[in-house]
Amino acid sequence: MFLFDGPDRAEMTVLLAHGAGAPMDSPSMTASAQALAEAGFRIARFEFDYMAARRTGGRAPPPRAETLNPQYLAAIDALGADGKLIIGGKSMGGRVASLVADALFAEGRIQGLLCLGYPFHPPDKPQQLRTGHLADLKAPALIVQGTRDPFGTREEVSTYALSPAIEMLWLEDGDHDLKPRKRISGFSAADHLRTMAEAAFAWAERLD
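Everything numeric here is computed off the predicted structure, so don't read it as measured data.

1. Notes on the overall build of the protein
(1) Moving on: Within the protein one finds 7 helices and 7 strands.
(2) Moving on: Reading the protein from its N end, one meets helices and strands in the order β-β-α-β-α-α-β-α-β-β-α-β-α-α.
(3) Moving on: In terms of overall dimensions, the protein is globule-like: its C-alpha atoms have a radius of gyration of 16 Å, near the 17 Å expected for 208 residues.
(4) Moving on: Burial analysis of the protein (208 residues in total) assigns 51% to the buried set.
(5) Moving on: A sequence separation of at least 24 residues applies to 74% of the contacts in the protein between residues at least 6 apart.
(6) Moving on: Accessible area for the protein stands at about 9,600 Å²; split by element, carbon and sulfur atoms hold 51% of it.
(7) Moving on: Here the protein holds 22 positive side-chain charges and 26 negative ones, and the gap between their average locations is 5 Å.

Shown next as structure tokens:
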């Protein structure tokens, strides 16, 4: 059910769900998981049922994010992590995690929320915001976003009402996979992933 990266006895585990269109072992997810593992986390990746079904020939489209909440909760139960647990994911996976985070945080089951490329709105549809629940979020959160992400640029996100519990890490010229154009930014994808992972670990160490 899970793909693991990082030390088995790490003090902090991050549970990551995939985005809407790519599986848990996509190049982007794998690179992010490995970078986080190198920073010191234990990483557990899992798939929602519709994506797992595609491996056996199913072609189901992604369901509405909120309908995946029970599956995320089931993954937490199945993981049974020891020590600190941070939940999150890539794009839609992070969005689903954000929908269940506050209840879990209130119960003491998680310490925080890590979103990689949060889908603040669909591309080219900035009026269709997915931020309502983020205004009152209580769980400590770190959202890592590329400055040119079509799901929410730095300029757009600066106008949103976001909870003070949310910290933003902006990666210069990064796209939805956090990848920059090196000839423009001077940064490589590996540079940004290392920055993301080191910042995430430093943030997580501050959590109760």
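Now that the structure has been shown, the text picks up again.
2. What about the layout of surface pockets?
(1) Moving on: By volume, the largest pocket is sized at about 210 Å³.
(2) Moving on: Around the largest pocket, the lining residues are A20, P62, P63, R64, A65, E66, S91, M92, R95, P119, R130 and F151.
(3) Moving on: In the lining of the largest pocket, the residues fall into 7 nonpolar, 1 polar and 4 charged.

3. As for unusual backbone geometry
(1) Moving on: Here D124, not a glycine, exhibits a phi torsion of approximately 65°, which is positive.
(2) Moving on: With respect to the secondary-structure elements, D124 resides in the loop between β5 (112-116) and β6 (141-146).
(3) Moving on: Using a relative accessible area of 76% as the deciding quantity, one classes D124 as exposed.
(4) Moving on: For L178, which is not glycine, the phi torsion reads 70° and is therefore positive.

4. Focus on the packing of helix α1 (residues 27-39) against helix α7 (residues 189-205)
(1) Moving on: Two elements in contact, α1 and α7, have axes whose closest approach is 8 Å; the angle formed by their N-to-C orientations is 50°. Considering the angle they form, α1 stands oblique to α7. Crossing of α1 against α7: the hand is right-handed. Side by side, α1 and α7 meet where A31, S32, A35, L36 and A39 of the first sit next to L193, M196, A197, E198, A200 and F201 of the second.
(2) Moving on: Taken together, the residues of the contact of α1 with α7 break down into 9 nonpolar, 1 polar and 1 charged.

Rules behind the numbers
Residues numbered from 1 in each chain as written. Predicted model: local features only at pLDDT ≥ 70, side-chain atom pairs only at ≥ 80, totals over all residues. Heavy atoms only, no water. Helix = DSSP H or I, 4+ residues; strand = E, 2+ residues; numbered from the N terminus. Rg over C-alpha atoms; globule rule 2.2 N^0.38 Å. Buried < 20%, exposed > 50% of the residue type's maximum accessible area, 1.4 Å probe, protein only. Contact = heavy atoms within 4.5 Å. Areas by Shrake-Rupley, 256 points an atom, 1.4 Å probe, with all protein chains shown as cover. Lys, Arg positive; Asp, Glu negative; His and termini not counted. Charge placed at Lys NZ, Arg CZ, Asp CG, Glu CD. 1 Å grid on protein atoms, 1.4 Å probe; cavity = no way out; pocket = protein on both sides within 12 Å on 5 of 7 lines; lining within 4 Å. Points joined across faces, edges and corners; volume = space filled by probe spheres on them. Nonpolar A, V, L, I, M, F, W, Y, C, P; charged D, E, K, R; others polar. Axes fitted to C-alpha atoms, helices over the stretch in contact; angles between N-to-C directions. Parallel < 35°, antiparallel > 145°, perpendicular 65-115°, else oblique. Left-handed = near helix turned anticlockwise from the far one by under 90°.

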